[in-house]
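Residue strings, one per chain:
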Amino acid sequence: MTALLCAANIGKLYGLRPVLRGVSLDVSRGEFVAILGANGAGKTTLLRILATLTRPNGGALTIGGIDALAHPDRARACIGLVSHQSLIYPDLTARENLEFYGRIYAAANLSRRIEEALRRVNLWPRRDDPARTFSRGMLQRLAIARAILHDPPLLLLDEPFTGLDQASAANLSALLREAALGERAVVMTTHELSRGLDGVTRALILQGGRIACEVRDDITARSLAALMSDA
Amino acid sequence: MPTALRQIAAIVRKDVLLELRTRESTTAMVVFAVMAIVMFNFALRLRVDTFRPLTPGVLWVTLVFAGTLGLSRSMSSEQINQCMDGLLLAPCDRSIIFAGKAIANVIFTLAVALLVTPIMAILFDETLMQPGVGLVVLLGVIGYAGAGTLIATMAASTRAREVFLPILLFPLALPLLVAAVIATSGFLDRLPLGEFAAWIGVEIAFIVIFWTAGTLLFEYLVEG
């Protein structure tokens, strides 16, 4: 199967300090890949590079067959990002936020897409409320609606459960699983082994800027915790 | 409409909508500008018989200082919830983001100029409401917003952004300020256009330089 996302030998320096050292990663459609690691392991930097928000110092990156380092503007159409920050304007309503993002993504049939996305994350009844009145869990649901509005084949999740209570995290986890169904590929970074591992098809453990190990079977919080402590 | 223009329009519309809802930038700019003009009026009245030679300078210093407040706010609003990342994820050339933000800044600063200039015309008893002055203000605001958006983007990634913005922007804007003051004086003094047309040319050159620089450099300024 052709990989939707193909990162080869990605390296990143902050000043003289290497943060990523030759990370390679292929993700195909239908895969849900979790990148695990302690704080400072380089997870967020890697995800920002995959999202084309940060340029690597070395390596190659292809998304949907597009050279994302040479043509990042074209590759971005294939990407939806949910991070621990919502990227939502608090003084706009839920609908206005999605209208804005839909317009800059030049999404067709925008009104229908917005209604579908808001219904999917159970925010349609609150569509005309300013986002600043939303709870943290609701903001993250709105962030998912924003990320899937243009129907990207690649969904990138950067610590999406940060700051959520147990019920909101369970709700978000179900939404993410649903969003990951079908032809979409999902890459998620997390340091919380207790959340969001349902539906993960592959786990990578990042340590010291390198992929220390890869797990395809037995992806449980317990097994991963053991591997992380060994890595 | 081409996609790029629709994307620019979306960014402008979003910034205008946010401003209409919060009125944070324009309120601060208008209040500051009116206070500055009133203070100039009282302070200068004590020492001069006529305001005529001072009016263009007071107008432009007021607009430049008030405009800085809006520019600072324009970029800091994108830091909330890391909304700048949302903009940077858009599948477009990043010069489009610069253009959208700069056009929104032109609109806000022009709105302030439209409110402040008549007040100044009354307080300083000058015929500021004339097409020539309007043209100079329009060109000056476009140039200042272009340079300001570029510098505000640079300053946004620093910790002391409120301090950095004026420190970096004012020296750069000096040629524009000088040109705008001389051109405004020319219209107020009813001089033949040929005597000061070159200064309007300087304003246009400033616009071309800084809007081109912004278009080319914005990507590098926001690169992580």
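As a reminder, the structure under discussion sits directly above these lines.
Everything quoted here is computed from the prediction, not taken from an experiment. (Residues numbered from 1 in each chain as written. Chains lettered and ligands numbered in written order. Predicted model: local features only at pLDDT ≥ 70, side-chain atom pairs only at ≥ 80, totals over all residues. Heavy atoms only, no water.)

### Quick notes on unusual backbone geometry
Residues and elements named next belong to chain A. With a phi angle near 50 degrees, A106 is a residue other than glycine that sits in the positive phi range. Residue placement: A106 occurs in the loop between helix 3 (94–104) and helix 4 (110–120). By relative accessible area, which is 39% here, A106 ends up partly exposed. (Helix = DSSP H or I, 4+ residues; strand = E, 2+ residues; numbered from the N terminus. Buried < 20%, exposed > 50% of the residue type's maximum accessible area, 1.4 Å probe, protein only.)

### Digging into the sheet that holds strand 3 (residues 32–36) of chain A
Residue and element names in this part refer to chain A. The strand order across the open sheet formed by six strands is 6-7-8-3-9-10, and the pairing between neighbours is mixed. Here the strands that pair on one side only, and so sit at the sheet edges, are strand 6 (79–82) and strand 10 (210–215). For this sheet, the mean inter-axis angle between neighbouring strands, taken without regard to orientation, is 20 degrees. For strand 3 and strand 9 (residues 202–207), the ladder comprises four bridges, and the chain directions are parallel. (Pairing = 2+ DSSP bridges. Axes fitted to C-alpha atoms, helices over the stretch in contact; angles between N-to-C directions.)

### A closer look at the pattern of salt bridges
Any two side chains of opposite charge can pair if their charged atoms end up close together. Following the criterion strictly, the structure yields 18 salt bridges over all chains and no others. When the shortest N-O distance is used, the salt bridge between B:D85 and A:R48 registers 2.7 Å. On the criterion of chain membership, the pair formed by B:D85 in helix 4 (residues 83–88) and A:R48 in helix 1 (residues 43–50) is interchain, its members lying in two chains. Take B:D85: its relative accessible area is 8%, and that puts it in the buried class. As a salt-bridge pair, B:E219 and B:R94 come within 3.8 Å of each other at their nearest N and O atoms. With a gap of 125 residues between them, B:E219 in helix 8 (residues 193–222) and B:R94 in helix 5 (residues 94–123) connect regions that are remote in the sequence. (Salt bridge = Lys/Arg side-chain N within 4 Å of Asp/Glu carboxyl O.)

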